Amino acid sequence: MSAEAHAGNRYYIPNGTHWPIIGSVGLFTTAVGAATWLEDMDFGKYLFVLGLLILFGMMFGWFGTVIRESLSGTYNTQVDRSFRWGMTFFIFSEVMFFGAFFGALFYARVFVQPWLGGASNSLFTNLLLWKGYEPTWPSNGPAGLGGAFEAMKPLGIPALNTLILLSSGLTVTLAHWSLKEDNRKKLIFFLSLTVILGFSFVVLQAHEYIHAYTEQNLTLGSGIYGTTFFMLTGFHGLHVTIGAIMLTVILVRAIRGHFTPQNHFAFEAVTWYWHFVDVVWLGLYIFVYWL
Amino acid sequence: MSTVAVAHEHHAEHPRGIWRWITTTNHKDIGTLYLCFSLLMFFVGGAFAMLIRAELFTPGMQLMDPLFFNEMTTLHGLVMIFGAIMPAFVGLANWMIPMMIGAPDMALPRMNNWSFWILPFAMLLLLSTLFMPGGAPAGGWTMYPPLMLQTGIAFPFTIFAIHLMGISSVMGAINIIATILNLRAPGMSLMKMPMFVWSWLITAYLLIAVMPVLAGAVTMELMDKYFGTSFFNAAGGGDPILYQHVFWFFGHPEVYIMILPAFGIISEIIPTFSRKPLFGYSSMVYAIASIAFLSFIVWAHHMFTVGMPLAADLFFMFSTMLIAVPTGVKVFNWTATMWRGSLSFETPMLFAIAFLFLFTIGGFSGVMLALVPADWQYHQTYFVVAHFHYVLVTGAAFAIMGGVYYWLPKWTGHMYNEKLAKTHFWLTAISANVLYFPMHFLGLAGMPRRIPDYPVQFTDLNQIVSIGGFVFGASQLLFVACIILCVRGGKKAEARVWEGAHGLEWTLPSPPPYHSFTEPPAPNLIWAHPYRND
Ligand code: HEM
Ligand SMILES: [Cu+2]
């Protein structure tokens, strides 16, 4: 389990590690828990939570090891570059994950709606199955699943949330500049501001969801509109939450004096992630709330 | 402190026994784990295939009920793709890429460990469904809704297994990209990289681009089944065809994920045994890159019969046929490499030549399938099964086997038994054709795929196919025998195992040291690779 590692002037190769196998057990437990829970077995939820706890423990331990190694100066610039490539492509994979859901939204709006209404070569689909259905958006489909609902509007909370996320992108950049100037006070100030903005977004989003369920009759079951709305904003909200937690970790580390103007990859990785979450939101705001 | 010295001191400290394999961060250990796991899964998936062929030996139902038959075709596909072929390529990448680019190890060794160790758990999730009430998933490896949504308890287990495999693949791919972009020895520019490394760089990019899309597709199914969403439900304004689009946006690049590294291996083997540099190195690189690019815009050739607008059918027909161009460039270049070479026919070369012929047959049947009006006839018949087994078994799997024989002496320090290996090759190559070639005729005559029974006029061809299948399956025991014998002993292998082999991996002793290159190799060695005359 030794976290001890050796670094030459050129290459860094860590010793064996037990964190991955703990992570795998955690993933497995989470998956079995979730699957059995979904199939209405009571013990499922306990397994699921247990799995998540194992995963959190693993991340704590693994990142802890990496932070200790980083602080002790084990890493050279080559390791730093590997981390950078790793984070870049991780974010790319996330972009593609969101791409699948955006693709579903566009497909549903551009193709499925007109086809259900009989366009292209789908005349008989309309005549035989959904006679009289007029394509619209927002739509809960020809069967009107979930009943009448009130769609989201771009003004109000969503606009406020846009403002919040955009300003948080600004404050995190200011924090980065302060770090590069070696001004820790300013760094901590702007980073705290970013964390506050991040969590405010999550709170407002939760408020919006509650409102949708209780006042607008807009739920996951509200046909394709409810589906795409909640899945896209839900996954995004999850990412904002994760990002805000990561920002908090970075804040704590900044308070403990972990970063130097030259050496702060973890900080930058979190800012990249935060900007990515930001850009996804812009896409959401335009295509889900606005157009 | 000097890296070399430290690396050697550490050698002694490594944990022993099972704990070593569980905690290892070494690219060779992890490569070995991947390869052994893949071999195991090859036999698990193979056992399912034997059951399928046994049931299809005669018309009528004999061994199993139709549901179980469908479970077998589904699991056979999933296990072979995610358990056998993909991990085998990742294992080869782990073993060879650091040695080929003059690096000590992979760029992110701990994550490397995790990429592997997720896999056994994912397969456990998937295979455990066999023992669940309602049985394993039976909707085919493509998992189309609404059929897939009728799966019982196995459903969420299958979905989560896919998620775990996706996480594993993406992490493995990130690692490979970081290694290639960051750990190349000084002097090895991108255009001096060995072909296998190039093929993996592009494959890794494809993996990161499409595995998340598969995760998205199966997540949508999960949500539809348990949370009342309407992605694939027309009543709510969704569309089951949407799933097919999302799935094949993953699925077609996925088939290239399973063939590009094979192209890389073949591009290593053929120059070695032709004793000539690879013909047209840069055109090979551009061909792989264009195949990768095109693979993103051809996906709906799997959906010609779902009733897309004509314009879509035409677009996907032409884009698909376009892929034949860079593929043709590759086949031409391999042939030109052999032209006037001083050829010798050791087992890896036999597999490479067989690949060349048989993969090309698969490519041709692919072009036939790409023709919309023809595909309306061929779709969902055994013709498609013939096509993808030519590209995946006599293509991808042959390249893996050839690669294993090619590098086994390097890994173990022993030569394998050439006679036994050649027996394995001939039995495999002949039985594979007995197994897959008649499937073309069955498909053209109208036999549908994924069906446990058939009209009597298909009996003869099915029996030939089944016999080919049993021989093919049994022959693979020889493969295992060759590997085990080679690990245990044999003639001592030299550093440069093959007379015509060039490249950094052959400058290391066989077996290579625990940390491959603890110091970057001298730049003049880098030029000595099999692609340039200079
Ligand atoms: C010249 C190149 C190729 C062309 C033009 C081509 C074309 C096609 C077409 C049109 C289909 C759909 C047939 C149908 O379902 O009606 C198909 C299916 C398939 N191809 Fe290819 N293909 C090519 C190469 C490959 C390669 C290299 C692989 C894998 C290594 C591959 C694997 C598959 C698989 C697995 C399927 C069947 C998927 C399923 O329905 O389960 N193909 N191919
Ligand atoms: Cu395809």
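Residues numbered from 1 in each chain as written. Chains lettered and ligands numbered in written order. Predicted model: local features only at pLDDT ≥ 70, side-chain atom pairs only at ≥ 80, totals over all residues. Heavy atoms only, no water.

### Side note on the overall build of chain B
Our working rule: We count a stretch as a helix when DSSP gives it H or I for four or more residues in a row; a strand needs E for two or more, and each element gets its number in order from the N terminus. Radius of gyration: over C-alpha atoms. The globule rule applied is 2.2 Å multiplied by the number of residues raised to the 0.38 power. Contacts are assigned to residue pairs with any non-hydrogen atoms lying within 4.5 Å of each other. Under the convention used here, a 1.4 Å probe and the Shrake-Rupley method define accessible areas, while residue burial counts only the protein chains that appear. Charge convention: Lys and Arg are scored as positive, Asp and Glu as negative, and His as well as the terminal groups of each chain are ignored. For charged residues, the charge sits on one atom: NZ in Lys, CZ in Arg, CG in Asp, CD in Glu.
When helices and strands are counted, chain B shows 17 helices and zero strands. Taken over C-alpha atoms, the radius of gyration comes to 23 Å for chain B, in line with the 24 Å a tight globule of 534 residues would show. Overall, chain B is about 70 × 50 × 45 Å in size when its C-alpha atoms are taken along their principal axes. Counted over contacts in chain B with a minimum sequence separation of 6, partners at least 24 positions apart contribute 83%. Approximately 17,500 Å² of chain B is accessible, and the part contributed by carbon and sulfur atoms is 72%. Where the 22 positive side-chain charges of chain B centre and where its 23 negative ones centre are 11 Å apart.

### Comments concerning the pattern of salt bridges
Formally: Whenever Lys or Arg places a side-chain nitrogen within 4 Å of a carboxyl oxygen from Asp or Glu, that contact is recorded as a salt bridge. Whether a residue is buried, partly exposed or exposed follows from its accessible area with a 1.4 Å probe, protein chains only, as a fraction of its type maximum: under 20%, in between, or over 50%, in that order.
Inspection of every chain in the model, using the stated rule, returns nine salt bridges over all chains. The partner of Lys45 of chain A in a salt bridge is Asp42 of chain A, with the nearest N and O atoms 3.7 Å apart. Assessed through its relative accessible area of 30%, Lys45 of chain A is described here as partly exposed. The class for Asp42 of chain A is exposed, based on a relative accessible area of 56%. The partner of Lys422 of chain B in a salt bridge is Glu418 of chain B, with the nearest N and O atoms 4.0 Å apart. Taken together, the positions of Lys422 of chain B and Glu418 of chain B, both in helix H15 (residues 418-444) and four residues apart, correspond to about one turn of that helix.

### Thoughts on the interface of chain B and chain A
Applicable threshold: Summed over both partners, the accessible area (1.4 Å probe) lost when two parts come together is defined as the buried area. In this classification, Asp, Glu, Lys and Arg are treated as charged, Ala, Val, Leu, Ile, Met, Phe, Trp, Tyr, Cys and Pro as nonpolar, and every other residue, Gly included, as polar.
Listed per partner, the contact involves 77 residues of chain B and 73 residues of chain A. Counting the surface lost from both chain B and chain A, the interface buries some 6,100 Å², and carbon and sulfur atoms represent 74% of this. Together, Arg110, Trp114 and Asn182 of chain B form the three largest contributors to the area buried by chain B at its contact with chain A, with a combined 13%. The residue Glu69 of chain A makes a salt bridge to Arg110 of chain B at a minimum N-O spacing of 2.5 Å. Those elements giving two or more residues to the side of chain B that touches chain A turn out to be helix H1 (3-13), helix H2 (17-23), helix H5 (109-128), helix H6 (154-182), helix H7 (195-227) and helix H8 (240-257) of chain B. Of the residues forming the side of chain B that touches chain A, the biggest block, 14 residues, is contributed by H7 of chain B. Residue classes in the side of chain B that touches chain A are distributed as 49 nonpolar, 22 polar and six charged.

### Things to note about the coordination of the iron atom of ligand 1
Residues and elements named next belong to chain B. Here is the rule: A donor here means any N, O or S atom no more than 2.8 Å from the metal (3.2 Å for Na, K and Ca); water is not included, so a site may seem to lack partners.
Within the protein, a single donor atom binds the iron atom of ligand 1, namely His387 (NE2) at 2.1 Å. Here the copper ion (ligand 2) and the iron atom of ligand 1 are spaced 4.5 Å from one another. Assignment of secondary structure puts His387 in helix H14 (residues 382-412).

### Observations concerning the coordination of the copper ion (ligand 2)
Around the copper ion (ligand 2), the donor atoms from the protein are His252 of chain B (ND1), His301 of chain B (NE2) and His302 of chain B (NE2), and they sit 1.9 to 2.1 Å away. Taken in sequence order, the residues that donate to the copper ion (ligand 2) follow the motif H-x48-H-H.

### Quick notes on the packing of helix H3 (residues 77-116) of chain A against H7 of chain B
As a reminder, the rule being used: Axis definition: a line fit to C-alpha positions, over the contact stretch in the case of helices; interaxial angles, taken between N-to-C directions, run 0 to 180 degrees. Oblique is the label for any angle not under 35 degrees, not over 145, and not in the 65 to 115 range, which are roughly parallel, roughly antiparallel and roughly perpendicular in turn. Note on convention: the crossing is left-handed when the near helix lies turned anticlockwise from the far helix by less than a right angle, right-handed when the turn is clockwise.
Here H3 of chain A crosses H7 of chain B at 40 degrees, and the two axes come no closer than 8 Å. Here H3 of chain A lies oblique to H7 of chain B, going by the angle between them. With respect to the hand of their crossing, H3 of chain A and H7 of chain B are arranged in right-handed fashion. Contact residues: Phe89, Phe92, Ser93, Met96, Phe97, Ala100, Phe101 and Ala104 of chain A in H3 of chain A; Tyr205, Ile208, Ala209, Pro212, Val213, Ala215, Gly216, Thr219 and Met220 of chain B in H7 of chain B.

### Section: the site of ligand 1
All names here are of chain B. Keep this limit in mind: Only a single heavy atom is needed: when it lies within 4 Å of a molecule or strand, its residue is near that molecule or strand. Polar contacts, as counted here, are pairs of nitrogen or oxygen atoms within 3.5 Å of one another; within protein the pair requires one atom able to donate a hydrogen and one able to accept it, and residues that are adjacent in sequence qualify only if both atoms are side-chain atoms.
Not every one of the 22 residues close to ligand 1 is listed here, only the nearest: Trp141, Asp375, His379, His387 and Arg449. Measuring from an oxygen atom of ligand 1, one finds a side-chain N or O atom of Asp375 at 2.4 Å. Between ligand 1 and His379, the relevant distance is 2.7 Å, taken from an oxygen atom to a side-chain nitrogen or oxygen of the residue. Sorting the residues of the shell around ligand 1 by element identifies H8, helix H12 (347-370) and H14 as the ones contributing at least two each. If you tally residues by element for the shell around ligand 1, the top one is H12, at six residues.

### What about the environment of Leu52 of chain A?
Residues and elements named next belong to chain A. Assignment of secondary structure puts Leu52 in helix H2 (residues 43-71). Owing to a relative accessible area of 30%, Leu52 belongs among the partly exposed residues under this scheme. Here the alpha-carbon distance between Leu52 and Phe28, two residues 24 residues apart in the chain, equals 10.0 Å.

### Examining the environment of Leu147 of chain B
Within the secondary structure layout, Leu147 of chain B lies in the loop between H5 and H6. Put simply, Leu147 of chain B and Pro137 of chain B are ten residues apart on the chain and 9.9 Å apart in space, counted from C-alpha to C-alpha.

### Notes on the nonpolar core
Here is the rule we go by: Among the buried residues, those of types Ala, Val, Leu, Ile, Met, Phe, Trp, Tyr and Cys that are joined through side-chain atoms within 4.5 Å form a nonpolar core. In this document the domain limits rely on a domain assignment from an automatic tool or a database.
Residues Leu191 of chain A together with Phe82, Trp200, Trp334 and Trp407 of chain B are the most contacted members of the largest nonpolar core, which totals 275 residues. Sort the elements by how many residues they give to this core and H7 of chain B lands first, with 23 residues. Each of two domains, domain 1 (1-75) and domain 2 (76-290) of chain A, supplies a minimum of three residues to this core. In this structure, Trp407 of chain B is in contact with Leu92, Met96, Met100, Phe196, Ile265, Glu268, Glu505 and Trp506 of chain B, ignoring residues within four places of it in sequence. If you look at the next biggest cluster of nonpolar residues, it comprises five residues, including Leu369, Ala374, Phe383 and Val384 of chain B.

### Notes on helix H16 (residues 459-488) of chain B
What counts, and what does not: Helix span, as expected, comes to 1.5 Å for every residue beyond the first.
Relative to the 44 Å expected for 30 residues at 1.5 Å per residue, H16 of chain B spans 44 Å between its end C-alpha atoms, a close match to the ideal helical length. Count one or two residues on from H16 of chain B and you reach Gly490 of chain B, which has phi positive near 130 degrees.

### Considering unusual backbone geometry
With omega at 0 degrees, the peptide bond leading from Pro145 of chain B into Pro146 of chain B counts as cis. Assignment of secondary structure puts Pro146 of chain B in the loop between H5 and H6. In this chain, Ser510 of chain B is followed by Pro511 of chain B through a cis amide linkage whose omega measures -10 degrees. One non-glycine residue with positive phi stands out, namely Asn217 of chain A, at about 55 degrees.

### A word on the domain arrangement of chain A
All names here are of chain A. One can read the domain layout of chain A as domain 1 (1-75) and domain 2 (76-290). Each of domain 1 and domain 2 has a C-alpha centre, and the two are 26 Å apart. In this complex, domain 1 contributes nine residues to the contact, which on the side of domain 2 involves seven residues. Of the roughly 700 Å² buried where domain 1 meets domain 2, counting both sides, 58% is carbon and sulfur surface. Joining domain 1 to domain 2, the criterion identifies zero salt bridges. Summed over the shared surface of domain 1 and domain 2, the number is zero residue pairs in polar contact (both at pLDDT 80 or more). Across the side of domain 1 that touches domain 2, the residue classes tally to five nonpolar, three polar and one charged.

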